[in-house]
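What the coordinates show
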Amino acid sequence: MAAVTSIGETPLAGQGKRQGGMQVGRRRRLNIFRYITFTLFSLFFLLPLLALVRFSLEGKKLGTWSGAAWGQILSYPGLFSAIEITLELAVISCLVVLLLLVPTMIWIRLRVQGLSRVIEFLCLLPLVIPAIVLVVGLGPIYNKIEHYNVSALQLFWVYVILALPYAYRALATGLGAIDVTTLSEAARSLGANWITVMFRVIVPNMWQAILNSMLLTSALVLGEFTVASILNYLNLQVALFNISRATQNAGVLFSTSTAALLFAFVLLLILSYIGRRRSAGGSWTASLEALVRRGRR
Amino acid sequence: MTKLIAAAKQEGTLNVIALPPTWANYGNIIKAFAKKYGIKVVSQNPEGSSQDEVNAVKSENGTSKAPDVLDVGMAVALVSTSLFAPYQVSTWSSIPAAQKDPKGLWTQDYGGYMSVGYNSAKFGTITSMSQLLGPKFKNSVSLNGNPTAANAALNGVMMANLAAGGTADSIAKGVDFFHSLKQAGNFVPVQATPATIKAGTTPIVLNWDYLNTASVVGQGANWKVFVPSNAELAGYYAQAVNKTAPHPAAARLWEEFLYSQTAGGGQNLWLQGGARPVEMTAMTSDSSIDTSAASALPPVTGTTVFLTPTQATSAATYLSAHWAQAVK
Amino acid sequence: MAVAATTTAAGARPVRAGRRPSLAWLGTVPFLGYVAVFLLLPTGIVLWNAIRNPTAGGFELSNLKQLFNSTERSYFTGSLELSAASSVIAAVLGAILAYAVASGNPDGVVRRLYLSGSGVLAQFGGVTLAFAFNAAIGPTSGFLFHAGWYYNFPAGIGLIYTYFQIPLMVLVFLPAIDGLKAQWREACENLGGSTWQYWRHVAAPLLAPAFIGATLLLFANALSAYATIQAWENQISYTVPQQIYIAINSEVGLASNAGDVLALGMVVMVAIIMIGYFLLQRRAARWLR
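Below: a short report on this structure. (Residues numbered from 1 in each chain as written. Chains lettered and ligands numbered in written order. Predicted model: local features only at pLDDT ≥ 70, side-chain atom pairs only at ≥ 80, totals over all residues. Heavy atoms only, no water.)

**Overview of the packing of helix α5 (residues 79-110) of chain A against helix α10 (residues 194-202) of chain A**
If you want to describe how two helices pack, look at the angle between their axes and the distance between the axes. All names here are of chain A. Close contact between α5 and α10 brings their axes to 11 Å; oriented N to C, the two are set at 110 degrees. The angle between α5 and α10 places the two elements in the roughly perpendicular class. The interaxial crossing formed by α5 with α10 has right-handed handedness. Between α5 and α10, the residues in contact are Pro103, Ile106, Trp107 and Leu110 and Trp194, Val197, Met198, Phe199 and Ile202, respectively. For the contact of α5 with α10, the per-class residue count stands at 9 nonpolar, no polar and no charged. (Axes fitted to C-alpha atoms, helices over the stretch in contact; angles between N-to-C directions. Helix = DSSP H or I, 4+ residues; strand = E, 2+ residues; numbered from the N terminus. Parallel < 35°, antiparallel > 145°, perpendicular 65-115°, else oblique. Left-handed = near helix turned anticlockwise from the far one by under 90°. Contact = heavy atoms within 4.5 Å. Nonpolar A, V, L, I, M, F, W, Y, C, P; charged D, E, K, R; others polar.)

**Overview of the nonpolar core**
In terms of nonpolar packing, the biggest core is built from 266 residues, with Leu101 and Ile202 of chain A together with Phe178 and Trp254 of chain B touching the most fellow members. For this core, the element with the most residues is α5 of chain A, which contributes 16 residues. Ignoring any residue separated from it by four or fewer positions in sequence, one finds Trp254 of chain B in contact with Leu14, Val16, Leu19, Tyr26, Ile29, Ile30, Phe33, Val69 and Gln239 of chain B. Of all hydrophobic cores here, the second largest spans 13 residues; its members include Val54, Met74, Val76 and Ala240 of chain B. (Core = buried A, V, L, I, M, F, W, Y, C linked by side-chain atoms within 4.5 Å. Buried < 20%, exposed > 50% of the residue type's maximum accessible area, 1.4 Å probe, protein only.)

**Focus: the packing of aromatic side chains**
Applying the stated criterion to the full structure yields 45 aromatic pairs over all chains. Centroid distance Phe177 of chain B to Phe178 of chain B: 5.7 Å. Interplanar angle 85 degrees. Geometry classified as edge-to-face. Taken individually, Phe177 of chain B and Phe178 of chain B each receive the classification buried, so the pair is uniform in this respect. Over the face of the ring belonging to Trp65 of chain A we find Arg54 of chain A, whose NZ or CZ atom lies 3.9 Å from the ring centre. The ring of Trp194 of chain A carries the charged tip of Arg188 of chain A above its face, separated from the ring centre by 4.0 Å. (Phe/Tyr/Trp six-rings, centres within 6.5 Å; stacked < 30°, edge-to-face > 60°. Lys NZ or Arg CZ within 6 Å of the ring centre and 35° of its normal.)

**Structural notes on the pattern of salt bridges**
All names here are of chain A. Taken as a whole and judged by the stated rule, the model has 4 salt bridges over all chains. Between Arg117 and Glu120 there is a salt bridge, and its shortest N-O distance comes to 3.0 Å. Linking Arg117 with Glu120, this pair stays in helix α6 (residues 116-128), spanning 3 residues, or about one helical turn. Accessibility expressed as a relative area gives 51% for Arg117, which makes it exposed. For Glu120, a relative accessible area of 26% corresponds to the partly exposed category. (Salt bridge = Lys/Arg side-chain N within 4 Å of Asp/Glu carboxyl O.)

And the structure:
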């Protein structure tokens, strides 16, 4: 017992141990473990990607090099329009996800806490009802939709549902990190209406979560194949699949895949740097103080 | 006919579905039609199956992207007649009675024989199916798809069935043949495509002869094709016009084009793709046939077997119950 | 001003005359409506069709009984086999990787790189991943070597599944490892415990619910995967998603609600696993607060 209570009371004793041999040895073993782990895993993950890149630079005869496949991303018949449609779908899906989730989640937090379990359940339901199951029942619904608009952009209705679990979790994390009640009450006591509270007080404090959820949604849309192919729409993945079935010289498959991956990776990297700067520069407590100060003026 | 052409041009567009460009020369057929009449052809879902076509007709009903015309396997055609509009092309009389619906709801268009295509540089000359069980064919024999889902693959198993002494009424011997093939390590469960043939993953392919021609497969003179002498299984596809086609005149003009016996018409274009056009007998008599293309077809002697709808259904039922277990 | 702020800060909800707070739930109607149409309705359609007779109308449960015959069962066991193998292997490997990432500099380049990489690779599954593996170890065109077992089940496809499961594991399990407070390790050491004892008696029991929960999530994820195994191009139908596709698209005629029946079976399978996942998540969250 005494030993346990002594930990909190004598931090300096612990610090002394930190300079000791045991700690250094452990650190060294840990570092060896980390280096080995990172090397092995990096190899495992990079090798297929390397193969992808190598095949994207393959010339007409096996073993030669050529950049032709990269140019084909733009010129291959049907591929470019599929890329365009998929990118547009990503943007539309992101916007609709945010439009649907952000106000609803904030509203629930502020006014209708009782429904929060229900919303959480509904948002996680798509994990239990995966795309391959959902698409079986979507036939009649998409019949109706196609009466009004036959464009592949109509896929966004389903994509939003597929993205819900991931977007919800990202937004919930962001929302959970700020004291929504205090912020909103402070703002409302200064005369703000609910719209102002939501969009000018709370949303600016969840920027990183919002960006995160947009990224997750976009990644999902870029990689989606199941629903598009079974509903007979042509998106990026379906176009790539058709090309792989139909033609011999499939260099463009590898170049497009590599490009899509690089695109997603760069976006994520940028996001991780933006996130750090934001949390360093301003926290929600600072916004709260700013609000109160403004009120006092 | 002139009124039809005018009406079709007025519509300006034709929606087709599930027509891969290298399937029986459809790429050139589409181009020729578009060029001749100035009508834009929109080709949806080229990799689709016959069932995909019918599904699209149902789900896209009333929209401008619904397929105008269908090219489907007989099994699907016979159960989907409620979706078709009756139409008899001007060359109706040149089509044998057994190959068209009396009301004109569907008409057979082209067909071929189930064949074995192979890389002769690697395997020498193959003359019978039973050879394929031998040790030098490890990891070589493939089908065009999954027999429980794809017509071409089902017929591949049926061809093996007939060659192994089975009858068209029961596909059991065919499934057993593939089971033995799998035990011997000779069966490759990969979808055969030009890419896999080029890569050497599927050096032997059981497929319709017009899909097994060297040019479609993308190989040179080393690629040989034969139809087993004890298993001459033929199958024809059928044309149908969508009852609720968004472009009805264009749809009918397309049919006229496909069944036309002229040198640049559909029948000869199909022949150039290695398929046997339905009007072949009539065209050989009146010499409108492209003789060089006709002589390039794999030789077939002896009796041809056509699967009746009942036989096709019972084969499908047997396969869905037994195929997976046989080849896993 | 200050007085007003204090009053509201005391927690009393500002009551506006005439407005009853209980109508606030109407604000969730757009969301609920959307989900009802695009998630609940299709699911309902699938379940409804699964229990009806496709040709004659009326209820028909015998199609469901078909799920238990040996061929249909083989699709489910195939799915379970593949998903279990890839999830367990990916869970163990992913946990090791997550620990390596977590034990470094929280702001460092390595962590940032691995998290971004995991974020990308976890969604990479599907058609393009199959292309990459085909290019890397495909039996004839492989860049690295030619894997004769590439088209074996579950080995070949299992490797591909593991590839996108490991990053998912890292993303899901990392917060749990981050939640291991340094003080616990120090406490253990101060009491004379070794590294092994720390792991065996402190960290493992704490991490167990999160670990098992994450494994279950991976399991459900693998069960639902369709695009990857489709692009793998092995024409034999091993798993339920493949068979659902065949049921919808077969041109040689199966019972027309075969797809719905399989989908129902799949929902039940995944639901059981997800319930397990949620129960474990709640247990894990208790310790990480």
